[in-house]
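Descriptive structure summary
Each chain, letter by letter, is given below.
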Amino acid sequence: GQATQVFDCSLLDESGEIRASFFGAMAEKYNSIIEQGKVYTFTRGTVRIANRQYNRCTHRYELTFDRDGLIEPVADDGKIETVKFNFVDLRAVQSRTLPCSVDIC
């Protein structure tokens, strides 16, 4: 059989970061179009509870785009940070469920 194409990325808006996964034709179409640092609107995706085994974002949910997804570039209004950190104390890492991702300063 033919291998299914897939790619994922982290999306950042004013409220935080969420993972988005693209499958099949959506992966093929948008993998070369989506650029880091650019601003887009994402519509017609599916929301599901994040799978912690594969998702390093701290958001409880993740987005999936597989058939009807639509991603369109929009003008940057400057409200979205380019990087968002969530710094934690080293002692706080002990109480985290593994695997986890943390920002330490």
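Quantities reported herein were computed from a predicted structural model and do not represent experimental measurements.

This brings us to unusual backbone geometry. Despite not being glycine, Arg44 has its phi angle at roughly 65 degrees, a positive value. On the basis of relative accessibility, which here comes to 58%, the residue Arg44 falls in the exposed class.

Reading across the sheet, the four strands line up as 1-2-5-4 and stay open at both edges, with mixed pairing between neighbours. Looking at which strands have only one partner, the edges of the open sheet turn out to be strand 1 (6-13) and strand 4 (46-49). This sheet shows a mean twist of 30 degrees between the axes of neighbouring strands, independent of strand direction. Here strand 2 (residues 16-23) pairs with strand 5 (residues 61-65) via four bridges, running parallel.

Within the secondary structure, Val74 sits in the loop between strand 6 (70-73) and helix 2 (90-93). Residues Val74 and Arg44, 30 residues apart in the sequence, show an inter-C-alpha distance of 17 Å. Discounting residues that sit within four places of it in the chain, Val74 has contacts with Val39, Tyr40 and Thr41.

What follows is about the pattern of salt bridges. This model, assessed by the stated rule, comprises three salt bridges. Across the pair Asp8 and Arg19 runs a salt bridge, and its minimum N-O distance is 3.1 Å. Placement of Asp8 in strand 1 and of Arg19 in strand 2 is noted, with a sequence separation of 11 residues between them. A salt bridge links Arg91 to Asp89; its shortest N-O distance comes to 3.3 Å. Taking relative accessible area as the criterion, Asp89 reaches 39% and is therefore assigned partly exposed.

So, how was this worked out
- Residues numbered from 1 in each chain as written.
- Predicted model: local features only at pLDDT ≥ 70, side-chain atom pairs only at ≥ 80, totals over all residues.
- Heavy atoms only, no water.
- Buried < 20%, exposed > 50% of the residue type's maximum accessible area, 1.4 Å probe, protein only.
- Pairing = 2+ DSSP bridges.
- Helix = DSSP H or I, 4+ residues; strand = E, 2+ residues; numbered from the N terminus.
- Axes fitted to C-alpha atoms, helices over the stretch in contact; angles between N-to-C directions.
- Contact = heavy atoms within 4.5 Å.
- Salt bridge = Lys/Arg side-chain N within 4 Å of Asp/Glu carboxyl O.

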